[in-house]
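Notes for the structure review
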Amino acid sequence: GKMAIEVKEQAVALFKEAFGGEPTLGAVAPGRVNLIGEHTDYNDGFVFPMALHGKVCVVVGRATENEKCRVVTAASVSGGNRYEFIKPTPATPLTPTDKPQWYSYFLGVVAGFDSNQGHIPSFDAAIATSVPLGGGLSSSASLEVATFTFLEQLCPALKRSDLAQKALLCQKAEHEFAHVPCGVMDQFIATMGREGHALLIDCRAPPTGDLVPFNDPNSVIVVTNSNVKHNLGSSEYPKRRQTCEEAAKILQKPALRDCSMELLEAHKAQLSDLQFRRARHVITECQRTSDAVAALKANDMKKFGELMYASHESLRADYEVSCGELDHLVSLAKEVNGVFGARMTGGGFGGCTVTLVHKDSVDALIKHIKEGYPENRATCFVTTAGAGAAALDM
């Protein structure tokens, strides 16, 4: 698409400016939005993301002869935007760094690509992205997967035919080099996404992904960034996770994914109110995700939208990870004719909402959000289900 071409041009221009000459290799990977299935991943449940058309990260570069790797990124990041390191070998392995996060993601993938074995030639690389940083649309995984795909061009003998393995190596890089205990959704969708499809991921190890067509010509997705981030998130996630694990233990199951509402109701007396409500969210959300896939297969957008609203309500009332701004954006969407459904997406406490809307109502929706959300602070973009990672023709 046009947006991806612009990002590629930006990366090429950056490369020329930093290193001189033309890059010979390139790769692209998308950001994502989760349509439904929130806070289910660490409960061995289901998530249902799609890749964002036009919101991508691009890595371009070329092999060099001097054993030194150099990487530069567009200057809008905090901390440094250019680094160099000796190419990884058993004698000079790459180790985690205290440098900015983008560089940790990059370095982690370079280290993990061949386990520091020295098969990767030295290289120069430039990175550009149109995935908004910090909006919860997975800018980190798009960078990791684009980097991995770039290294596959640089080192074709190590290209992975097993996409799940590729995604898991990228996840491992984020765990070990950026110390972010992320689930597997972001790397899976960035790797396995396909134009006109969403991806149902079963998060129980070993995780698997199934493509589901999502190409109704009359429906589009609008992603709205609230542009707020409440700092509750970092302290609240571990609590949610712990409460879910406690509940599963009381229900005597390996994870909440294995529990039914009947089982939960039968144990209500043994659970605290908090444990009960947190578990109710996860159990009903897993069911909603399965139902949403069935609705999509039947091309029933109305049903899909109702499940999105129900998901938001559960996240708001039972899981308590929404916030006033997200609730307001969902209410505004609900007031517009032609909107099928809306919900918060991502971890919560700020970030984005996702809205399923008839294409003829998009302008009315965006106008209503702009007018109804204070100080015109919300940013919207319209998207359809995009492709996963790919090599770029240079």
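Please refer to the structure placed before this passage.
Residues numbered from 1 in each chain as written. Predicted model: local features only at pLDDT ≥ 70, side-chain atom pairs only at ≥ 80, totals over all residues. Heavy atoms only, no water.

We now examine the overall build of the protein chain. For the protein chain, the count of helices and strands is eleven helices and twelve strands. In terms of overall size, the protein chain behaves like a compact globule, its C-alpha atoms giving a radius of gyration of 21 Å where 394 residues would be expected to give roughly 21 Å. The burial tally for the protein chain puts 56% of its 394 residues in the buried class. Here the analysis covers contacts within the protein chain between residues at least 6 apart in sequence; of these, 71% occur between residues at least 24 apart. Accessible surface for the protein chain amounts to roughly 16,200 Å². Of this, 52% is attributable to carbon and sulfur atoms. Taken as two groups, the 39 positive and 45 negative side-chain charges of the protein chain have centres that lie 1 Å from each other. (Helix = DSSP H or I, 4+ residues; strand = E, 2+ residues; numbered from the N terminus. Rg over C-alpha atoms; globule rule 2.2 N^0.38 Å. Buried < 20%, exposed > 50% of the residue type's maximum accessible area, 1.4 Å probe, protein only. Contact = heavy atoms within 4.5 Å. Areas by Shrake-Rupley, 256 points an atom, 1.4 Å probe, with all protein chains shown as cover. Lys, Arg positive; Asp, Glu negative; His and termini not counted. Charge placed at Lys NZ, Arg CZ, Asp CG, Glu CD.)

What follows covers the nonpolar core. Core analysis: the biggest nonpolar cluster contains 37 residues, and V71, F85, F123 and L151 have the highest contact counts within it. Broken down by secondary-structure element, the contributors of at least two residues to this core are strand 1 (25–36), strand 2 (46–63), strand 3 (68–73), strand 4 (82–86), helix 2 (101–113), strand 5 (123–129), helix 3 (139–154) and helix 4 (163–177). Of all the elements, helix 2 adds the most residues to this core, at nine residues. When residues no more than four places from it in sequence are discounted, the contact partners of L151 are V109, V110, F113, I120 and F123. Of all hydrophobic cores here, the second largest spans 28 residues; its members include V33, F46, F214 and A295. (Core = buried A, V, L, I, M, F, W, Y, C linked by side-chain atoms within 4.5 Å.)

Once that is clear, we can look at the state of the cysteines. Considering all chains together, one arrives at zero disulfides under this definition. Summary of cysteine pairing: C155 is not part of a disulfide, and the nearest cysteine sulfur, belonging to C69, is at 11 Å. Not part of a disulfide, C380 finds its nearest cysteine sulfur in C352, a span of 9.6 Å. (Disulfide = S-S within 2.5 Å.)

Turning to the sheet that holds strand 10 (residues 350–358), a few remarks are in order. Taken in spatial order, the four strands line up as 9-10-8-11 in an open sheet, and their pairing is antiparallel. Only two strands of the sheet have a single neighbouring strand rather than two, namely strand 9 (339–345) and strand 11 (379–383). Each strand axis lies, on average, 20 degrees off the axis of its neighbour in the sheet, ignoring direction. Direction of pairing for strand 8 (residues 219–229) relative to strand 10: antiparallel, over a ladder of eight bridges. Following the sheet pairing, I221 is matched in strand 10 by L356. Along the sheet, helix 10 (residues 324–334) makes contact with strand 8, strand 9 and strand 10, crossing strand 10 at roughly 10 degrees. (Pairing = 2+ DSSP bridges. Axes fitted to C-alpha atoms, helices over the stretch in contact; angles between N-to-C directions.)

Turning our attention to the environment of A157. Following the sequence through the fold, A157 ends up in the loop between helix 3 and helix 4. For the pair A157 and H119, spaced 38 residues apart in sequence, the C-alpha separation works out to 9.3 Å.

For the coordinates displayed, the defined rule picks out twelve aromatic pairs. Judged by centre distance (5.7 Å) and plane angle (75 degrees), the ring pair of F123 and F150 falls under edge-to-face. Taken together, the residues span a long stretch of sequence, with F123 in strand 5 and F150 in helix 3 at a distance of 27 residues. The exposure class of F123 is buried, given its relative accessible area of 0%. Taking relative accessible area as the criterion, F150 reaches 0% and is therefore assigned buried. (Phe/Tyr/Trp six-rings, centres within 6.5 Å; stacked < 30°, edge-to-face > 60°.)

Looking now at the side chain of D124. Mapped onto the elements of the fold, D124 is located in strand 5. Judged by its relative accessible area of 2%, D124 is buried. At 2.9 Å, the side chain of D124 and the side chain of R70 are in polar contact. If near-sequence neighbours (up to four positions away) are discounted, D124 is found in contact with F15, F19, V60, G61, R62, T64, R70 and F150. (Polar contact = N/O pair within 3.5 Å; in protein donor to acceptor, adjacent residues only side chain to side chain.)

A few words on the packing of helix 3 against helix 4. At a minimum axis separation of 10 Å, helix 3 and helix 4 run at an interaxial angle of 120 degrees. By the angle class used here, helix 3 and helix 4 are oblique. As for the relative orientation of helix 3 and helix 4, their crossing is right-handed in sense. Along its contact with helix 3, which presents S140, A141, E144, V145, F148, T149 and E152, the element helix 4 presents K166, L169, C170 and E174. Along the lines of polarity and charge, the residues of the contact of helix 3 with helix 4 split into five nonpolar, two polar and four charged. (Parallel < 35°, antiparallel > 145°, perpendicular 65-115°, else oblique. Left-handed = near helix turned anticlockwise from the far one by under 90°. Nonpolar A, V, L, I, M, F, W, Y, C, P; charged D, E, K, R; others polar.)

Of all seven residues making up strand 5, six are buried, and the element is well covered by its neighbours. Across four bridges, strand 3 lies against strand 5 in parallel orientation. In the sheet register, R70 faces strand 5, and the bridge partner there is D124.

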